[in-house]
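Below are the chains, spelled out letter by letter.
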Amino acid sequence: MRILSLSRLYRIKLEPRLKEPPGWYPPLVSFGAIVIALVFGGILIAFVGGNPFLSYAHIARASFGSIGVISDTLVKATPILMTSLACAIAFRMKLWNIGAEGQFIMGGFGAAAVVLTPILPPETPGWLFVPVMMAFGMAAGALWGFMPGFLKARFNVNEIISSLMLNYIAIAWINFWIFGVWSEGGFQMSPKFPKAAWLPRLLDFSDTIPLFRGLTTHTGMLIGIMAAVLLWLVVYRSRWGYEIRLIGDNPRAAQYAGINISRNTILVMMLSGMLAGLGGMTEVSGVVHRLQTSPLAAGYGFTGIIVAWLSKLHPLVIILVSILFGALLLAGREIQPSGIPKMIQGIILVCLIASDFLLRYQIRVSRAGVEA
Amino acid sequence: MVKSESAIQTEENTVVRMAGIVKRFPGVLANDHVDFELKRGEIHALLGENGAGKSTLMNILAGLYRPDEGEIIIRGEVENFSSPRDAINAGIGMVHQHFMLVPSQTVTENVLLGLDEPRFFMRLKEYDTKIASLSEQFGLKVDPKANIWQLSVGEQQRVEILKMLYRGAEVLIMDEPTAVLAPQEIKGLFEILRSMTEQGKSIIFISHKLNEVVEIADRISVLRRGKATANGLSSEGVTTKELARQMVGREVIFRLEKQASNPGDIVLDVRKVFAENDKGLSALSGLSLQVRAGEIVGVAGVAGNGQRELAQLISGLRNCAQGEILLHNEKISNRSTLYGIEQGMAYVPEDRTQVGSAPNLSVTDNVIMKTYRQPPISRGGLLDMSQANRFAEELKLAYDIIVPTVDTPVRLLSGGNLQRVILAREISGRPDFMVAVQPTRGLDVGAIEGVHRLLLAQRDEGAGVLLVSEELEELFALSDRIYVIYEGKIMGEVNIGLEEPSDQVVDMIGLMMTGTPMEKIGEGL
Ligand SMILES: Nc1ncnc2c1ncn2[C@@H]1O[C@H](COP(=O)(O)OP(=O)(O)OP(=O)(O)O)[C@@H](O)[C@H]1O
Ligand SMILES: [Mg+2]
């Protein structure tokens, strides 16, 4: 009743926003969305009989509470960072690469192939092993990006479909190898890599810096941050990045400026695949230390799509958002019942996406009587 | 004086009164305490330079923008629009320069789009007849059952008008309606506007073409840099010269000082080209023409006779099926667009928003479209953004582009200012050959004068210019020779001296434009 009478008195209107909102507005809206999501999540936790405050405190502790879990958060954030960068560069050109997942997996395969084929003998020193694995990982990812790119450029095949399909092929492909040729004693995983093929981790330095004892953060995070900075440079400061932005904004204008759209379609898809492949490499060489399906095909490619969007395709923002998502993933492992963090993650996502609406529209409340 | 009177009295036949309207955009005062008054049954022209604030003022009246200050009074009642829907409910409809129609749907469907009526079942037949009778009432000839994509630009405009009339518009705002129309279509539009005012509708009409304004408008208001400099001037006895002075604040020379041309070698040689248009129909059939260094060559013709395709062919955006095009004796047809750019060719496309610019990128990003590959802007694969910004600042100054900063996305620029960005980019490269399609579309008189000067200066420095325009006046003012195009063929070629062409020449061009080849005219005379 009360609501009814209120609605008679006030009218709420949505209007498209005509001015660009001031700079502080978008971050504030995102922050507000997260707060609202946490409130909703809290209500839900209370509903299933939990104490929302304790749960949240637990989640916070589980992902940022000590140097140990912060390190774990960063480990989780690394693959997300790479796939998000991969998606961001493709989306910048309005190429809807849904295949970061497959490109990531192939990157892991390429890196593993260096050890398992073997392309380099096991006694190879680390300074050679790691770069060669990176090169192979990126090449395999780039190949997985090249295929949908080429099909799009040459035959105008929809890249959403083709890149999505390639995800399944990638999974089948590594399964083929670890079930057969590279299987370790019949288990569905390859033998463990020699130490030299591992990315250095913080704990490797615990002899000199005792603080690093037990920290599994590996060089992949550093590589990822470097990749993000490099990507920023490419997008905003390079000739090629300019071409990508131009094509993304108006392909006809790009054509008019003499830019070859087909070639860029292929190149950008390859760069995208390369970044995702690099993520697969760092995951294999930094965390898993062997080739195995489940840790690779864990949905990082899809999380990357979301993170890229939430970050508005900005490479440096992606670093921060990836770490947040890494934390949520980690909390998912730690918390019981384990569905809760997933659910909160979902609610935060929905709220963030909905808040985007507020950036494009504004709400105006007016007294009904005043309206003519 | 007109202002203070109208502010006090509320005359009975005043439909719209806007008082003290202020609208600020970041860095721009688009409307600065503007008063505006519209009477019932009049055609009221709104004039002003590019970026003067005309579109902004009308967008406020149509409910798209909210004013920062001031009030809008419709038939004596203060209104507070927060959406175009509110405005149309108060009887105010606007036809924008860029149409907002759904190409794959019929006229009727487009008119009904977004209305509460018909609710679920589309009894289209019934509405077809309704809309047919409405269009008949105002002389808006258009088939309700036709799909939008089949219609010409003029017909699409009529659909936009119908849409507003169907929603009960009493006041119709038209933002540069004639900029996209061919001369014949303009005549048709004027008849429609007159028939609407006879039936009690009121019309606000924005245009940069002063002779048009003198012909059609009953009263005229002028904006200059956001302020009203004339309010409801009677159009009786007003000359275009006077109007131009009101707008620009100085004398505008209409007749350019043109030196005799000094043509050199052939720069562009189009040899018997055949090409298709987007729909796969024949657009050019065996067209040949030449442009020499140091001359401006006009292409006259009714829109849609292959001008667009010809320009695309030369710039490398389209391939020809037969024939070839040479630039400096090198074949450029069916090669990449980049090749032409590298050969120093500039191209002002007819469509500034769809082809000529990237709306969400900044002014800087838009002006370096042709030069980003060369130093000093390009430095070993990287872009030197400080150089790029400096370049943009220079062009902003030299071409009088009104924009707060060069970081502004160009979608926020006024129509004329966007055109200036494109012209600045193309001309600043000092090309030795240039294709310009409707280069002055949407520009104010002062700016047109400026562009004409620039084109002539280019010519005098030895550049060849191919000028495609639908405005004969512009062609006569600039061209040394004019080709007349009809259905993808050249009907004939006319030399233009320094004097105004005789009536005989004008008639001849008119005949060729409607499909009579030059030889036949010679026989008749
Ligand atoms: N949404 C916007 N955001 C920021 N600035 C704007 C916006 N719309 C218009 N402007 C600025 O306001 C000024 C007035 O623009 P407006 O479109 O009203 O000009 P106009 O008189 O219609 O010019 P033209 O004849 O070139 O179309 C311009 O400087 C323009 O850049
Ligand atoms: Mg305008």
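Keep in mind that what you see is a predicted model, and the values were worked out from it rather than measured.

*Asks:* Before we move on, could you go through the overall build of chain A and cite the residues and values that matter?
*Replies:* Within chain A, the secondary structure is distributed over 15 helices and 2 strands. Looking at chain A residue by residue over its 372 residues, the buried ones come to 49%. Surface accessibility of chain A: about 17700 Å² in total, with carbon and sulfur atoms responsible for 71%.

*Asks:* Can you explain the confidence of the model for chain B? Please cite residues and give values.
*Replies:* Residues and elements named next belong to chain B. Per-residue confidence for chain B averages 87 on the pLDDT scale, and 95% of its residues sit at or above 70. Of all helices and strands in chain B, the one with the weakest mean pLDDT is helix 1 (residues 2-8) (43), whereas helix 12 (residues 363-367) scores best (96). Both confidence scores are given for the complex: pTM 0.84, ipTM 0.84.

*Asks:* Could you give me a rundown of the pairing of strand 7 (residues 171-175) of chain B, with the residues and numbers involved?
*Replies:* All names here are of chain B. Counting buried residues in strand 7 gives 5 out of 5 residues, a clear majority hidden from the surface. Burial along strand 7 is two-sided: Val 171, Ile 173 and Asp 175 and Leu 172 and Met 174, pointing in opposite directions, are all buried. As defined by bridge partners, strand 6 (residues 92-95) adjoins strand 7 across 4 bridges and the pair is classed as parallel. Across the sheet, residue Gly 93 finds its bridge partner in strand 7, namely Leu 172. Of the strand pairs in this sheet, strand 7 and strand 8 (residues 202-206) are connected by 5 bridges, and their pairing is parallel. Residue pairing for strand 8: Met 174 is matched across the bridge by Phe 205.

*Asks:* With reference to specific residues and values, describe the site of ligand 1.
*Replies:* All names here are of chain B. In the vicinity of ligand 1 lie 20 residues, with Gly 51, Ser 55, Thr 56, Ser 414 and Gly 416 positioned nearest. Here Ala 52 contributes a backbone N or O atom positioned 3.2 Å from an oxygen atom of ligand 1. Burial of ligand 1 by the surrounding chains reaches 93%, relative to a free accessible area of 630 Å². Those elements that place two or more of their residues in the shell around ligand 1 are strand 2 (28-39), helix 2 (54-61) and helix 14 (415-428). In terms of residue class, the shell around ligand 1 is built from 8 nonpolar, 9 polar and 3 charged.

*Asks:* Explain unusual backbone geometry to me, and be specific about the residues and the numbers.
*Replies:* Most of the time, phi is negative for any residue but glycine, and the peptide bond is trans. The omega torsion across A:Thr117 and A:Pro118 is -15°, close enough to zero to call that bond cis. Within the fold, A:Pro118 resides in the loop between helix 5 (100-116) and helix 6 (126-155). Going from B:Pro375 to B:Pro376, the amide bond is cis rather than trans, its omega being 5°. Looking at where B:Pro376 falls in the secondary structure, it is placed in the loop between helix 12 and strand 17 (378-379). Phi is positive for A:Asn156, close to 55°, though the residue is something other than glycine.

*Asks:* Report on the nonpolar core, specifying residues and quantitative values.
*Replies:* One finds A:Leu291, B:Leu268, B:Leu289, B:Ile314, B:Phe433 and B:Ile509 to be the most contacted residues of the largest nonpolar core, which totals 159 residues. Among the elements that make up this core, the one with the highest residue count is helix 5 of chain A (11 residues). Within the second largest apolar cluster, 46 residues are counted, among which are B:Ile131, B:Leu172, B:Leu193 and B:Leu243.

*Asks:* I'd love a proper account of the packing of aromatic side chains, names of residues and values included.
*Replies:* Throughout the structure, instances matching the rule amount to 18 aromatic pairs over all chains. Through a chain of ring-to-ring contacts, the aromatic side chains of A:Phe109, A:Trp173, A:Phe176, A:Trp177 and A:Trp182 assemble into a single cluster. We note B:Arg335 situated over the ring of B:Tyr339; from NZ or CZ to the ring centre the distance is 3.8 Å. Above the face of the A:Tyr256 ring, B:Lys370 is positioned so that its terminal group lies 4.3 Å from the ring centre.

*Asks:* Talk me through the sheet that holds strand 11 (residues 266-276) of chain B; I want residue IDs and the actual numbers.
*Replies:* Picture the strands of a sheet paired through backbone hydrogen bonds; they go either parallel or antiparallel. Residues and elements named next belong to chain B. In spatial order, the strands read 12-11-14-15; together these 4 strands make up an open sheet with antiparallel pairing. Edge positions in the sheet fall to strand 12 (282-292) and strand 15 (330-331), since each of these pairs with one other strand and no more. Pairing of strand 11 with strand 12, which is carried by 8 bridges, proceeds in the antiparallel orientation. Residue Asp 269 lies in a different strand from strand 12, and its bridge partner there is Gln 290.

*Asks:* Please give an account of the domain arrangement of chain B that cites residues and values.
*Replies:* All names here are of chain B. You can read the domains of chain B as domain 1 (5-248) and domain 2 (266-344 + 431-521). Its C-alpha centre places domain 1 at a distance of 34 Å from the equivalent point of domain 2. Seen at the junction of domain 1 and domain 2, the total is 1 salt bridge. Of the charged contacts, one joins Lys 209 and Glu 471 as a salt bridge, the two residues approaching to 3.8 Å between their closest N and O atoms. Inspection of the region where domain 1 meets domain 2 yields 5 residue pairs in polar contact (both at pLDDT 80 or more). Those elements that provide at least two residues to the side of domain 1 that touches domain 2 are helix 7 (183-198), helix 8 (210-216) and helix 9 (240-248).

*Asks:* Run through the interface of chain B and chain A, naming residues and quoting values.
*Replies:* Contacts between chain B and chain A engage 43 residues on the former and 25 residues on the latter. When the two sides are added together, the surface that chain B and chain A hide from each other amounts to roughly 2900 Å², 54% of it contributed by carbon and sulfur. The tally of links from chain B across to chain A stands at 1 salt bridge. Where A:Arg245 meets B:Asp365, a salt bridge forms, and the shortest distance between an N and an O atom there is 2.8 Å. Where the side of chain B that touches chain A is concerned, the elements lending two or more residues are strand 1 (14-25), strand 5 (77-79), helix 11 (337-342), strand 18 (382-383) and helix 14 of chain B. Here the residues of the side of chain B that touches chain A sort into 20 nonpolar, 10 polar and 13 charged.

*Asks:* Which residues make up the sheet that holds strand 20 (residues 464-468) of chain B, and what values do they have?
*Replies:* All names here are of chain B. A sheet is described by the order of its strands in space; here 6 strands give the open sequence 16-19-20-13-21-22, paired in mixed fashion. The sheet is open, and its two edges are formed by strand 16 (345-348) and strand 22 (489-495), each paired on a single side. Here the strands of the sheet are splayed against their neighbours by 15° on average, with no regard to which way each runs. Summarising the sheet, strand 16 and strand 19 (residues 433-437) pair through 4 bridges and their orientation is parallel. Residue pairing for strand 19: Met 345 is matched across the bridge by Phe 433. Strands strand 13 (296-300), strand 16, strand 19, strand 20 and strand 21 (481-486) of the sheet are contacted by helix 10 (residues 307-315), whose axis makes an angle of about 150° with strand 16.

*Asks:* Outline the side chain of A:Lys76, supporting the account with residue identities and numerical values.
*Replies:* Residue and element names in this part refer to chain A. Structurally, Lys 76 is set in helix 4 (residues 67-92). Glu 283 provides the closest opposite charge to the buried, unpaired Lys 76, separated from it by 5.4 Å. Excluding residues that lie within four positions of it along the chain, Lys 76 makes contacts with Tyr 300, Gly 326, Leu 329, Leu 330 and Arg 333.

*Asks:* Account for helix 6 of chain A, naming residues and giving values.
*Replies:* Residues and elements named next belong to chain A. When the terminal C-alpha atoms of helix 6 are compared, their 43 Å separation across 30 residues agrees well with the 44 Å that a helix rising 1.5 Å per residue should span. Residues Phe 129, Val 130, Val 132, Met 133, Gly 137, Ala 140, Gly 141, Ala 142, Trp 144, Gly 145, Pro 148 and Gly 149 constitute the buried set of helix 6. On its buried face, helix 6 is in contact with helix 5, helix 7 (159-179) and helix 11 (261-288). Two residues or fewer past helix 6, Asn 156 is found with a positive phi of approximately 55°.

*Asks:* For the packing of helix 5 of chain A against helix 6 of chain A, give the residues involved together with the corresponding values.
*Replies:* Packed helix pairs are characterised by how far apart their axes lie and by the angle those axes make with each other. Residues and elements named next belong to chain A. Where helix 5 contacts helix 6, the two axes come as close as 7 Å, and the packing angle between them is 140°. The interaxial crossing formed by helix 5 with helix 6 has right-handed handedness. Of the residues in helix 6, those in contact with Gly 102, Gln 103, Met 106, Gly 107, Gly 110, Ala 111, Val 114 and Val 115 of helix 5 are Phe 129, Val 132, Met 133, Phe 136, Gly 137, Ala 140, Gly 141, Trp 144 and Gly 145. Its residues assigned to classes, the contact of helix 5 with helix 6 shows 10 nonpolar, 7 polar and no charged.

*Asks:* Tell me about the pattern of salt bridges, and please be specific about residues and values.
*Replies:* All names here are of chain B. By the definition in use, this model includes 27 salt bridges over all chains. A salt bridge links Asp 384 to Arg 379; the shortest N-O distance between them is 2.9 Å. The class of Arg 379 is exposed, set by a relative accessible area of 56%. Residues participating in the shared-partner salt-bridge network are Asp 278, Arg 308, Arg 318 and Glu 350.

*Asks:* Summarise the pairing of strand 4 (residues 69-74) of chain B; cite the residues concerned and give the values.
*Replies:* Residue and element names in this part refer to chain B. Bridge analysis of strand 1 against strand 4 gives 5 bridges, and the strand direction is antiparallel. In the sheet register, Val 22 faces strand 4, and the bridge partner there is Glu 69. Looking at chain direction, strand 4 and strand 5 are connected through 3 bridges and run antiparallel. Across the sheet, the residue bridging to Ile 74 is Glu 77, located in strand 5. Remark: 2 residues form the turn of the hairpin made by strand 4 and strand 5, two consecutive strands paired antiparallel; Arg 75 in that turn has positive phi of roughly 45°.

Calculation rules
- Residues numbered from 1 in each chain as written.
- Chains lettered and ligands numbered in written order.
- Predicted model: local features only at pLDDT ≥ 70, side-chain atom pairs only at ≥ 80, totals over all residues.
- Heavy atoms only, no water.
- Helix = DSSP H or I, 4+ residues; strand = E, 2+ residues; numbered from the N terminus.
- Buried < 20%, exposed > 50% of the residue type's maximum accessible area, 1.4 Å probe, protein only.
- Areas by Shrake-Rupley, 256 points an atom, 1.4 Å probe, with all protein chains shown as cover.
- pLDDT = per-residue confidence, 0-100.
- Pairing = 2+ DSSP bridges.
- Near = heavy atom within 4 Å.
- Polar contact = N/O pair within 3.5 Å; in protein donor to acceptor, adjacent residues only side chain to side chain.
- Nonpolar A, V, L, I, M, F, W, Y, C, P; charged D, E, K, R; others polar.
- Core = buried A, V, L, I, M, F, W, Y, C linked by side-chain atoms within 4.5 Å.
- Phe/Tyr/Trp six-rings, centres within 6.5 Å; stacked < 30°, edge-to-face > 60°.
- Lys NZ or Arg CZ within 6 Å of the ring centre and 35° of its normal.
- Domains from an automatic or database assignment.
- Salt bridge = Lys/Arg side-chain N within 4 Å of Asp/Glu carboxyl O.
- Contact = heavy atoms within 4.5 Å.
- Buried area = accessible area lost by both parts, 1.4 Å probe.
- Axes fitted to C-alpha atoms, helices over the stretch in contact; angles between N-to-C directions.
- Lys, Arg positive; Asp, Glu negative; His and termini not counted.
- Expected span 1.5 Å × (residues − 1).
- Left-handed = near helix turned anticlockwise from the far one by under 90°.

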